[in-house]
Amino acid sequence: MLPDFVASQVDLTPYNTLALPARAEFLARIQSVEQLAALIRHPEFSGRRRFVLGGGSNLLVAGDFSGFVLHMSIPGKRRIGEDATHIYLAAAAGENWSDFVAWTLASGWPGLENLSGIPGTAGAAPIQNIGAYGAEVGDFLQQLTALDLARGETLVFDVRDCALGYRDSLFKREGWHLSGRYAITEVVFRLPKNWRARATYGEVAARLAQDGITNPTPAQLAQVITALRAQKIPDPRQLPNAGSFFQNPKVSAELAAALQHAHPRLPCYPQSDGSVKLAAAWLVEHAGWKGRNLGPVGMYEQQALVLVNRGGASCRDVQNLSRAVREAVFARFGVSLVPEPVILADSGDAGNTSLSL
Ligand code: NAP
């Protein structure tokens, strides 16, 4: 018999913020490392498909899943200590990221304020190296702990071993979140004591100037960023969505120059590797898709990068819209957009865009 924290035939609609319907054969609500360790020793677990789920905020549920969905709900956050330059904090994998950031600020440990309001869990944050408004998790990551679900071994990764990149990491590249081989159980952060405001992003600077703030405090930055996000990204409880649906594309300097010549208002951000980052939202909007619907899904009127489920959508509806938007952007700008969400699929192609988004 399976432990009582495992339920069978679970509706996944409440577990993905796009609210796409599907069933999981088993869903394990993991609230401690011990529970996880016990489950992976269970005879019914071995050889079964598994998927490690955090907040479900960057997830596209493609259909029913036969196997175990491991819903990482381990709670806990603590101050580990400090040295001359940094404060060290730990967050268990199931901590809500946004609440964790708010807790650090309320405790007088600034640093993470630009990452306020990002949905999802602390355990999932390093996988995509979440970031916003000029800061990313990798700037503050010290190490993380993971459990090898096949061998039962505990692994500790120093930040230097995580190969973090722009919304990317070793774990994402190796498909950790898809293979169900490892589960991150705890993340340790180091926050520098010599705090400096990061307010270089146009919208942030403009909002601060509008409010007459010249030297923002961490709390003021958090407030501005939370307000900006709320204005652009709908609350999934009211209008289901998975945040930014497409990645901001990086293109060659030559293509960026040609595009800017043809479209002088196209926002371009040169990168240290010589490529140029483009704003996907601008491309989607100027390909005619901002605020437009296709069936029960659409691109949000306040932020063209956010795909919203206006009610009763299926994965097929999302696929159709994603394809239509990608084709329109490619036809107009010659740029291929890449969808951001992870795909939960039963057919062995989880995470594979062969699902043709
Ligand atoms: P935005 O602020 O309209 O910016 C669009 C694009 O322009 C992004 O690629 C952003 O880079 C870039 N950009 C803007 N100002 C810049 C500057 N001063 N220097 C360098 N690059 C600049 O984007 P948005 O879609 O409304 O999102 C707001 C922020 O939330 C962005 O930072 C975005 O990356 C972040 N976000 C992150 C996630 C995630 O981690 N999964 C999901 C949604 C949104 P960056 O992307 O490097 O910031």
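Here, the structure is the one placed above.
Residues numbered from 1 in each chain as written. Predicted model: local features only at pLDDT ≥ 70, side-chain atom pairs only at ≥ 80, totals over all residues. Heavy atoms only, no water.

A. Geometry of unusual backbone geometry. Not every positive phi belongs to a glycine, and Tyr 133 is a case in point at roughly 50°. The topology assignment puts Tyr 133 in the loop between β8 (131-132) and β9 (135-136). The class of Tyr 133 is buried, set by a relative accessible area of 12%. At Arg 167, a residue that is not glycine, the phi angle is positive and equals roughly 50°. (Helix = DSSP H or I, 4+ residues; strand = E, 2+ residues; numbered from the N terminus. Buried < 20%, exposed > 50% of the residue type's maximum accessible area, 1.4 Å probe, protein only.)

B. A look at the sheet that holds strand β18 (residues 297-299). Within the open sheet, the four strands sit side by side as β13-β19-β18-β17. Their pairing is antiparallel. The strands lining the two open edges of the sheet, one partner per strand, are β13 (241-244) and β17 (293-294). Where β18 and strand β19 (residues 306-309) come together, three bridges link them in antiparallel fashion. Bridge pairing links Met 299 to Leu 307 in β19. Each of β17, β18 and β19 touches helix α9 (residues 315-333); the most contacted strand, β18, lies at about 30° to it. (Pairing = 2+ DSSP bridges. Contact = heavy atoms within 4.5 Å. Axes fitted to C-alpha atoms, helices over the stretch in contact; angles between N-to-C directions.)

C. Structural view of the pattern of salt bridges. Applying the stated criterion across every chain yields a total of 16 salt bridges. Here Glu 25 and Arg 48 are joined by a salt bridge, their closest N and O atoms 2.5 Å apart. Here Glu 25, found in strand β2 (residues 23-30), pairs with Arg 48, found in the loop between α1 (33-41) and β3 (50-53); they are 23 residues apart in sequence, far enough to count as distant. Its relative accessible area of 28% is what places Arg 48 among the partly exposed residues. A salt bridge links Asp 139 to Arg 198; the shortest N-O distance between them is 3.0 Å. Taken as a pair, Asp 139 in the loop between β9 and β10 (141-148) and Arg 198 in the loop between β12 (182-192) and α5 (202-210) lie far apart in primary sequence, 59 residues in all. When salt bridges that share partners are traced, they join Arg 79, Glu 82 and Lys 193 into one network. (Salt bridge = Lys/Arg side-chain N within 4 Å of Asp/Glu carboxyl O.)

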